[in-house]
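# A look at the structure
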Amino acid sequence: MALVVGAGCAHRVPAVAADAPAPVAHVVPLPRSMETRPGELRISAAVAVEGGSAAPMAGRALAELLATLHIATTGAATPLRLQLVDDAALGEEGYRLVVDDAIHLSARTDIGLLHAVQSLRQLLPANAGPEYRLPRVAIVDAPAYRWRGLSLDVARSFLPVEYLEKHIDRMALFKLNRLHLHLTDDQGWRIEIKRHPKLVEIGGASAVEGGRAGYYTQEQLKHLVAYAQARGVTLVPEIDMPGHVQAALASYNELACNDVANLSTYSGVEVGFSVFCLEKPEVVYPFVRDVLEEVLAIFPSREIHIGGDEIKHPLYADFVARTAAMVEAMGRTPIVWEEGSVAAMKPDALLQLWNDGYAIDAAVAKGHPLILSPCSYLYIDHGNYAGQPGADWCRAEGVPLARVYGFDPTPYRTAVGVEAALWTEFVHTDAAADDHLWPRLAAVAEVAWSPAERRGYAGFLRRMGALRPHLDALGIHYHAEPDLGWA
Ligand code: TNX
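Quantities reported herein were computed from a predicted structural model and do not represent experimental measurements.

### Comments concerning the overall build of the chain
What the chain contains, in helices and strands, is 15 helices and 18 strands. Summarising its shape, the C-alpha atoms of the chain cover approximately 80 × 45 × 45 Å along the three principal directions. Counting all 487 residues of the chain, 60% fall into the buried class. The contacts of the chain with a sequence gap of at least 6 include a subset with a gap of at least 24, amounting to 74%. Counting every atom, the chain has about 17900 Å² of accessible surface; 55% of that belongs to carbon and sulfur.

Have a look at this one:
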């Protein structure tokens, strides 16, 4: 098979002059090692793909890349080889990408090759042209952390399936691999539960003031799971319990204690006022079991988030312990927000850190792996700059790009990774979500992927600046970041 640069591209750019300087390699997140050699590889006619069929995810991503650039697969061609190799040094997700007189991608796994394709995509222009010039490079790359994610609050304000699909593609370009969906909260319940249909009939119809209501059917979520899986992204569902449950209480009043609940839906922005009636275990636990069974049947993720934040209740630790044990008994691993460290859980249960000042020693002593989301670095519901309307409770100066980039996960020895969070009390449209997510999420990707000792903000800005056309090609309404000269 060979690829030919397709005809019919509407906006052809003139071919590059023979004496033009060699192209520069711009890759975000920064690879573990990258050697640049003199010269370039010009692809003026075609590339011939070998080995794509052994790696379905990488093969699909490559086919999509070539289609975007109008590169076909017939005719005389530059070889492009995908190869699965048994090289333990690369680990699960690592890869090599070499450009000499051909393009060589190799990895131990399909995921590794997929990452190689994403790097290749960044080395190439974002848009179709008459020919392509690749820098001659030798990249050897592997992630620092296995968990590189974003928590997206679709409960306060709903985000449609089409947005999530686009968002998954964007995450994949930066090798982010966990999309944590915060599916339930006081203001909305977004996941269809067939045994309890009122959750979406009532809870799905509410939202934060000014936000969007709505919910996902199980069919839609299964589709999304498969869509993400094909792109190397795992969807991690969160059912936030036993607090943050007003939407559930409004749907099924019996989940509340008679004397404490205000049983209407809620559209304010307060937290910490709602809780399941933990004094009625015969009502609460069968409900929790039903919900988890349906959630687990949709989401194959090994890790399942059960919430556990911002609630004070004498039976709180007991609830978290029982619910975590239920998840374990179902063959999965629970994740709980940091407050859950008071509960007796198996050591493999993950804790998600979110308060900067949280004392983690006790959690670490119990052996719980950590997902790092310290709010003053990674809460990107906070402004791109001081004074941007929205959340500012954690850091009055906002969480600008430089601040996100400055997060150093290395002191947290038991961390499995890094996850930014976009809460949506004040983020109500696709464009507003984009504005908060980009370019900050690219910095999150680099913090989670690249070795801390190799990173540097100036270099990040240079590489990220060069990738602006890639963000444009993906239709992202990113923030006009002054540090990147985009303002
Ligand atoms: C804290 S972080 C919350 C969320 C809010 C967010 C607003 C966490 C586990 N809980 O309920 O949306 O702050 O920034």
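### Quick notes on the environment of Glu-328
Structurally, the position occupied by Glu-328 is in helix 8 (residues 316-329). Here Glu-328 falls in the buried class, since its relative accessible area comes to 17%. Counting along the chain gives 203 residues from Glu-328 to Pro-125, while the straight-line C-alpha distance between them is 46 Å. Sequence-distant contacts of Glu-328, that is, excluding residues within four places in its chain, are made with Pro-334, Lys-346, Asp-348 and Ala-349.

### Thoughts on the pairing of strand 7 (residues 103-107)
Of all five residues that make up strand 7, four are buried, and the element is covered over most of its length. Counting the residues between successive antiparallel strands, the hairpin from strand 6 (residues 95-99) to strand 7 contains three residues.

### Let's talk about helix 5 (residues 218-229)
Look at helix 5: 16 Å from first C-alpha to last across twelve residues, which is about the 16 Å you get at 1.5 Å a residue. When we look at burial in helix 5, the residues that qualify are Gln-218, Leu-221, Leu-224, Val-225, Tyr-227 and Ala-228. On its buried side, helix 5 packs onto helix 3 (161-173), strand 13 (234-241) and helix 7 (281-298).

### Let's talk about the sheet that holds strand 5 (residues 78-84)
One open sheet holds the six strands; their spatial order is 2-8-6-7-5-3, and the pairing between them is mixed. At either end of the open sheet lies a strand with only one pairing partner, and these are strand 2 (33-43) and strand 3 (47-50). Across this sheet, the average inter-strand angle for adjacent strands is 20°, counted without regard to direction. Across nine bridges, the pairing between strand 2 and strand 8 (residues 132-141) is antiparallel. Across the sheet, the residue bridging to Arg-37 is Arg-136, located in strand 8. Against the sheet, helix 2 (residues 110-123) engages strand 5, strand 6, strand 7 and strand 8, with an angle of about 35° to strand 6.

### Looking at the site of the ligand
If you check the shell around the ligand, you find Arg-156, His-244, Asp-309, Glu-310, Trp-337, Trp-354, Tyr-379, Asp-381, Trp-393, Trp-423 and Glu-425 and nothing else. Contacts to the ligand include Asp-309, whose side-chain N or O atom sits 3.0 Å from a nitrogen atom.

### A few points about the packing of helix 13 (residues 440-449) against helix 14 (residues 457-466)
Axis separation between helix 13 and helix 14 bottoms out at 11 Å; the angle between their running directions is 125°. Comparing the axis directions of helix 13 and helix 14 gives the class oblique. The handedness of the crossing between helix 13 and helix 14 comes out as right-handed. Contacts from Ala-442, Ala-443 and Glu-446 in helix 13 reach Phe-460, Arg-463 and Met-464 in helix 14. The class makeup of the residues in the contact of helix 13 with helix 14 is four nonpolar, no polar and two charged.

### Some words on the pattern of salt bridges
Two side chains with opposite charge may pair up if their charged atoms get near one another. According to the stated counting rule, one finds 22 salt bridges in the structure shown. Here Arg-148 ties to Glu-93 by a salt bridge, and the two come within 2.7 Å at their closest N and O atoms. Here Arg-148 is found in strand 9 (residues 147-153), whereas its partner Glu-93 is found in the loop between strand 5 and strand 6, with 55 residues between them in sequence. The same class applies to Arg-148 and to Glu-93, which are both buried.

### Thoughts on the packing of aromatic side chains
Considering all chains together, one arrives at 18 aromatic pairs under this definition. A centroid spacing of 5.1 Å and a plane angle of 50° characterise the contact between Tyr-377 and Phe-407, whose relative ring orientation is tilted. Remark: Phe-407 occurs in the loop between helix 11 (401-405) and strand 18 (415-422) and Tyr-377 occurs in helix 10 (residues 375-378); sequence separation between them is 30 residues. Summarising the aromatic geometry, the rings of Tyr-405 and Tyr-457 are spaced 5.6 Å apart at their centres and angled 45° between planes, so their arrangement reads as tilted. Within this pair, whereas Tyr-405 is found in helix 11, its partner Tyr-457 is found in helix 14, the two being separated by 52 residues in sequence.

### A short note on the state of the cysteines
Throughout the structure, instances matching the rule amount to two disulfides. The disulfide bridge from Cys-257 ends at Cys-277, spanning 1.9 Å between sulfur atoms. Of note, the bridge from Cys-257 to Cys-277 carries an S-S torsion of about 80° and is right-handed in sense. Separated by 20 residues along the polypeptide, Cys-257 in the loop between helix 6 (246-251) and helix 7 and Cys-277 in the loop between helix 6 and helix 7 bring together distant segments of the chain. For the pair formed by Cys-257 and Cys-277, the shared burial category is buried. A sulfur-sulfur distance of 2.1 Å marks the disulfide that ties Cys-375 to Cys-394.

Conventions and cut-offs
Residues numbered from 1 in each chain as written. Predicted model: local features only at pLDDT ≥ 70, side-chain atom pairs only at ≥ 80, totals over all residues. Heavy atoms only, no water. Helix = DSSP H or I, 4+ residues; strand = E, 2+ residues; numbered from the N terminus. Buried < 20%, exposed > 50% of the residue type's maximum accessible area, 1.4 Å probe, protein only. Contact = heavy atoms within 4.5 Å. Areas by Shrake-Rupley, 256 points an atom, 1.4 Å probe, with all protein chains shown as cover. Pairing = 2+ DSSP bridges. Expected span 1.5 Å × (residues − 1). Axes fitted to C-alpha atoms, helices over the stretch in contact; angles between N-to-C directions. Near = heavy atom within 4 Å. Polar contact = N/O pair within 3.5 Å; in protein donor to acceptor, adjacent residues only side chain to side chain. Parallel < 35°, antiparallel > 145°, perpendicular 65-115°, else oblique. Left-handed = near helix turned anticlockwise from the far one by under 90°. Nonpolar A, V, L, I, M, F, W, Y, C, P; charged D, E, K, R; others polar. Salt bridge = Lys/Arg side-chain N within 4 Å of Asp/Glu carboxyl O. Phe/Tyr/Trp six-rings, centres within 6.5 Å; stacked < 30°, edge-to-face > 60°. Disulfide = S-S within 2.5 Å.

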